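Structural features, examined
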Amino acid sequence: MRWTRKDLLGLRDLSADEIRLILQTAKSFQEVSLRSVKKVPALRGKTVANLFFEPSTRTRISFELAEKRLSADTFHVAASTSSFVKGETLKDAAKNIEALKVDVMVMRHSSSGAPHRIAQYMKASVINAGDGINEHPSQALIDMFTVLEKKKKIENLKISFIGDILHSRVARSNMWGLTKLGAQVTVCGPQTLLPRGVEKLGVRATTSLLEAVQGADVVNLLRIQTERQDQSFFPSIREYATAYQINSEILKHAKEDVLIMHPGPVNRGIEITSDVVDGPYSVILDQVTHGLAVRMAILYLVCGASSDGSSEEDGL
Ligand code: CP
């Protein structure tokens with residue numbers, strides 16, 4: 001199949017085939033990072049703007065490096081050092097950036113729906129790099145790619161998300177994507193951090209950590225997103241950790257070859273102990289490595305190139 005969308009705003013709107021196309025394209029880009037010259041000309045002549053209105057380490061550097069590996073021209077706009085602090089609207093700023101003939105905008109914003117709104121005004125492609133509590137599609141695609149790399153399939157795997165599901169755009173994008181690819185998804189956390197009616201997305205919800213871990217093929221941890229909480233959802237971080245922390249003791253109930261994943265940033269000693277972060281089941285740094293190939297694939301596809309995975313004519 002061919003990619004036909006201008007933007008990548010979320011996994012909610014994508015079909016299973018579109019998700020598979022991104023993952024297959026990422027597979028073909030994986031090899032580029034192993035070359036001595038880690039660069040292909042696929043996006044030569046294209047310009048990518050990275051607009052980050054919220055802090056980011058992994059997503060920002062991963063997109064920037066992916067753009068450079070594809071030979072695109074890139075620049076970065078941070079809210080704190082731009083004219084947003086002088087009262088310029090997001091729409092005006094985006095229009096000004098587009099006036100420079102930018103081809104792609106990668107946008108992270110604290111408001112859910114901000115990239116969707118900008119995408120309506122722009123001829124440029126918009127890639128959602130995380131919007132409020134709504135979606136973080138590239139992170140979910142990285143998580144799916146990592147599961148595929150390690151388990152060789154997604155269908156029928158038992159994949160549990162543990163933590164602050166309510167405020168997690170990573171969990172939301174994963175729920176949309178993984179259920180489309182046939183995984184059995186469980187979400188787990190205190191009742192107050194489970195979105196009401198989340199089962200309608202085709203997932204199982206539980207407040208029992210043991211239930212979520214028992215028999216799991218993959219355990220994906222989410223930090224408590226204090227920056228998105230204006231009220232107290234549990235008595236204290238210490239009590240949260242007592243009930244929901246993943247440590248080597250609780251992991252005895254998971255499958256022998258369980259994968260431990262975390263989109264980062266990790267809060268060691270809260271949602272996960274240090275020995276598990278650095279332990280044999282952890283693929284947390286593999287997720288970061290896979291981020292490059294996945295984001296190269298997303299950039300390549302939205303820039304309008306058709307992909308059968310490896311054509312030299314396509315600059316691979
Ligand atoms: N996973 C993720 O979005 O991390 P950053 O906030 O560091 O980009």
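These lines cover the structure that appears in this document, whether it is placed above or below. (Residues numbered from 1 in each chain as written. Predicted model: local features only at pLDDT ≥ 70, side-chain atom pairs only at ≥ 80, totals over all residues. Heavy atoms only, no water.)

1. Here's the deal with the overall build of the protein chain
Under the convention used in this document: Where helices and strands are cited, they refer to DSSP runs of H or I of at least four residues and of E of at least two residues respectively, numbered from the N terminus. When we talk radius of gyration, it's over C-alpha atoms, and the globule rule is simply 2.2 Å times the number of residues to the 0.38. For every residue, the accessible area (1.4 Å probe, protein chains only) is compared with the maximum for its type, and the residue is labelled buried under 20%, exposed over 50%, or partly exposed between those bounds. The contact rule is simple, with two residues in contact once any of their heavy atoms fall within 4.5 Å. For the accessible areas, the method is Shrake-Rupley and the probe is 1.4 Å, while residue cover comes only from the protein chains on display.
Looking only at helices and strands, one finds 10 helices and 9 strands in the protein chain. Expected size for 316 residues packed as a compact globule is a radius of gyration near 20 Å; at 19 Å, the protein chain falls within 12% of this value. Projected onto the principal axes, the alpha-carbon positions of the protein chain cover approximately 55 × 45 × 35 Å. A total of 316 residues make up the protein chain; the buried ones form 57% of that total. For the protein chain, the share of sequence-separated contacts (at least 6 apart) that also reach a separation of at least 24 residues comes to 73%. Carbon and sulfur atoms form 49% of the exposed surface of the protein chain, whose accessible area is close to 14,000 Å².

2. Some thoughts on the pairing of strand β3 (residues 104-109)
Going by this rule: Two strands qualify as a pair provided DSSP detects at least 2 bridges between them. When the strands point away from the viewer and the connection leading from the first strand across the helix to the second strand turns clockwise, the crossover is called right-handed.
A large share of β3 lies buried, amounting to 6 of its 6 residues. Because side chains alternate across β3, one face comprises the buried residues Val-104, Val-106 and Arg-108, and the other comprises Met-105, Met-107 and His-109, equally buried. One ladder, built from 5 bridges, connects strand β1 (residues 47-52) with β3; its direction is parallel. Bridge pairing links Phe-52 to Arg-108 in β3. Two strands pair when backbone bridges link them, and β3 and strand β4 (residues 125-131) are joined in this way by 5 bridges, in the parallel orientation. The partner of His-109 across the bridge, within β4, is Asp-131. On the question of chirality, the crossover connecting β3 to the parallel β4 by way of helix α4 (residues 114-121) is right-handed.

3. What about the pattern of salt bridges?
The test is simple: Throughout this description, the term salt bridge denotes a Lys or Arg side-chain nitrogen within 4 Å of a carboxyl oxygen of Asp or Glu.
In total, this model carries 13 salt bridges according to the counting rule given. Put simply, Asp-286 and Lys-150 hold a salt bridge, and the shortest N to O gap is 3.3 Å. Taken as a pair, Asp-286 in helix α10 (residues 284-302) and Lys-150 in helix α5 (residues 137-151) lie far apart in primary sequence, 136 residues in all. Taking the relative accessible area as the measure of exposure, Lys-150 reaches 40% and is therefore partly exposed.

4. Here's the deal with the side chain of His-290
Mapped onto the elements of the fold, His-290 is located in helix α10. Of the residues examined, His-290 reaches a relative accessible area of 8% and is grouped as buried. Beyond its immediate stretch of four places on either side in the chain, His-290 contacts Gln-30, Ile-142, Phe-145, Thr-146 and Glu-149.

5. Notes on helix α1 (residues 16-30)
The condition is simple: By this rule the span expected of a helix is its residue count minus one, scaled by 1.5 Å.
Between the first and last C-alpha of α1 there are 21 Å, a value that for 15 residues agrees with the 21 Å anticipated at 1.5 Å per step. Those residues of α1 lying buried are Ala-16, Glu-18, Ile-19, Leu-21, Ile-22, Leu-23, Thr-25, Ala-26, Ser-28 and Phe-29. Buried residues belonging to α1 abut α5, α6 (169-180) and α10.

6. Brief notes about the nonpolar core
Definition in use: The term nonpolar core refers to a set of buried residues drawn from Ala, Val, Leu, Ile, Met, Phe, Trp, Tyr and Cys, joined through side-chain atoms within 4.5 Å. Domain start and stop points were drawn from an automatic or database domain assignment.
Core analysis: the largest hydrophobic core is formed by 64 residues, its most contacted members being Ile-22, Phe-29, Val-106, Leu-141, Met-144 and Leu-299. Both of domain 1 (16-135 + 291-315) and domain 2 (137-287) provide at least three residues apiece to this core. Setting aside anything within four residues of it in sequence, one finds Ile-22 in contact with Trp-3, Leu-8, Leu-14, Leu-141, Ala-297, Ile-298 and Leu-301. By size, the runner-up hydrophobic cluster in this structure holds 24 residues, among which are Ile-224, Tyr-244, Val-276 and Ile-284.

7. Notes on the site of the ligand
As a reminder of what qualifies: Residues are classed as near a molecule or strand on a simple rule: at least one heavy atom within 4 Å of it. A 3.5 Å cut-off defines polar contacts: any pair of N or O atoms within that distance qualifies, except that in protein one atom must be a possible hydrogen donor and the other a possible acceptor, and neighbouring residues in sequence count only when both atoms are side-chain atoms.
Around the ligand, the structure places Ser-56, Thr-57, Arg-58, Thr-59, Arg-108, His-136, Gln-139, Pro-263 and Gly-264. Between the ligand and Thr-57 there is a distance of 2.8 Å, counted from an oxygen atom to a backbone nitrogen or oxygen. Within the contact set of the ligand, a nitrogen atom lies 3.1 Å away from a side-chain nitrogen or oxygen of Gln-139. If the ligand stood free it would expose 260 Å²; the protein chains cover 91% of that surface.

8. Focus on helix α3 (residues 90-98)
Which entries qualify depends on this criterion: Taking the helix axis as origin, the arc is that swept by the directions to the C-beta atoms.
For α3, the set of buried residues is Leu-90, Ala-93, Ala-94, Ile-97 and Glu-98. When α3 is viewed along its axis, its buried side chains cluster within an angular range of 135° and face the same direction. Buried-residue contacts for α3 involve β1, β2 (73-78), β3 and α4.

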